[in-house]
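# Remarks on the overall topology
Okay, here's what each chain looks like letter by letter:
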Amino acid sequence: MKRPGEPPAFRLLPRIDETNAHFWRGGERGELRFLRCTACRTFVHPPAPVCPECLGRELRAEAVSGRGEVLTFTVNHQPWIPGFDPPYVIAIVALDEQEGLRLTTNVVGCEPEDVSIGARVRVVFEERDDVWIPLFVLDEDTGS
């Protein structure tokens, strides 16, 4: 867990372009954004030019609630990236808006042993340059 006064962890940043800017820059407005098919209303993630459900090509970025639950997780203890010191939680979060809408992310702001499968979480954003990285914290509003 990051202690007060510590510098933020090192992060590899994505290349931003017109196909993914909605996702990586939505956090500037406090929004977790995914593409959504205008025909069948299916969220599409990762971004793709065609809806996997109806093959529609009209996709628009739309904000979701940013709430979900930990589907699965692991605690990394290996120092793979200099400056990104373990231990840290890597999780797959199932978002509330749609069955199968999932995001691989980190659960932050708690000790790794506080995370459990089924724990309710909510999105927070870490700003780096022109990127807002979606991370998740335990959602205390639900008692998790």
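This section reports on the structure supplied with the text. Source: prediction; values computed, not measured.

Sheets are built from strands that pair by backbone hydrogen bonding, the pairs being arranged parallel or antiparallel. One open sheet holds the three strands; their spatial order is β2-β1-β3, and the pairing between them is antiparallel. One side of each edge strand has no neighbouring strand; the edge strands of this open sheet are β2 (43-44) and β3 (59-64). The sheet contact formed by strand β1 (residues 32-37) and β2 spans two bridges and is antiparallel. Each bridged residue has a counterpart across the sheet, and for Leu35 the counterpart in β2 is Val44.

Here the residue pair His45 and Pro46 is connected by a cis peptide bond, since its omega of 5° sits within 30 degrees of zero. The residue Pro46 is located in the loop between β2 and β3 in this model. Cis geometry marks the peptide bond from Pro86 to Pro87; its omega dihedral reads 0°. Structurally, the position occupied by Pro87 is in the loop between β4 (67-76) and β5 (88-95). At Arg41, a position not held by glycine, the phi torsion is positive, near 70°.

With eight of eight residues buried, strand β8 (residues 131-138) is to be regarded as a mostly interior element. Neither face of β8 is open: one carries Val131, Ile133, Leu135 and Val137, the other Trp132, Pro134, Phe136 and Leu138, and all of them are buried. Bridge count between strand β7 (residues 120-128) and β8: eight bridges; the pairing is antiparallel. Among the inter-strand pairings, Glu127 is bridged to a residue of β8, identified as Trp132. Connecting β7 to the antiparallel partner β8 that follows it, the hairpin turn spans two residues, and Asp129 within it adopts a positive phi of roughly 55°.

A few words on the packing of aromatic side chains. Counting across every chain of the model gives three aromatic pairs. Ring geometry for Phe23 and Trp24: centres 4.8 Å apart, planes at 85°, overall edge-to-face. Grouping aromatic residues by their ring pairs yields a cluster made of Phe23, Trp24 and Phe34.

Turning our eyes to something else, we now look at the nonpolar core. Counting residues in each nonpolar core, the largest one holds 20 residues, and the members touching the most others are Leu32, Phe34, Val70, Leu95, Val107 and Phe136. Looking at this core, the elements with two or more residues in it are β1, β5, β6 (102-107), β7 and β8. Looking at this core, the element that brings in the most residues is β5, giving four residues. Contacts of Val107, omitting those with residues within four sequence positions, involve Val70, Val89, Ala91, Val115 and Phe136. Formed by five residues, the second largest nonpolar core is a distinct cluster that contains Leu35, Cys37, Val44 and Cys51.

The next subject is the environment of Cys110. The topology assignment puts Cys110 in the loop between β6 and β7. Between the C-alpha atom of Cys110 and that of Val137, which follows or precedes it by 27 residues, the distance is 7.5 Å.

A word on the side chain of Arg36. Relative to the elements of secondary structure, Arg36 occurs in strand β1. Its relative accessible area of 17% is what places Arg36 among the buried residues. Within polar-contact distance, the side chain of Arg36 engages the side chain of Glu62 at 2.6 Å. Among residues more than four places away in sequence, those in contact with Arg36 are Arg41, Thr42, Phe43, Glu58, Leu59, Arg60 and Glu62.

Reading guide: rules and limits
Residues numbered from 1 in each chain as written. Predicted model: local features only at pLDDT ≥ 70, side-chain atom pairs only at ≥ 80, totals over all residues. Heavy atoms only, no water. Pairing = 2+ DSSP bridges. Helix = DSSP H or I, 4+ residues; strand = E, 2+ residues; numbered from the N terminus. Buried < 20%, exposed > 50% of the residue type's maximum accessible area, 1.4 Å probe, protein only. Phe/Tyr/Trp six-rings, centres within 6.5 Å; stacked < 30°, edge-to-face > 60°. Core = buried A, V, L, I, M, F, W, Y, C linked by side-chain atoms within 4.5 Å. Contact = heavy atoms within 4.5 Å. Polar contact = N/O pair within 3.5 Å; in protein donor to acceptor, adjacent residues only side chain to side chain.

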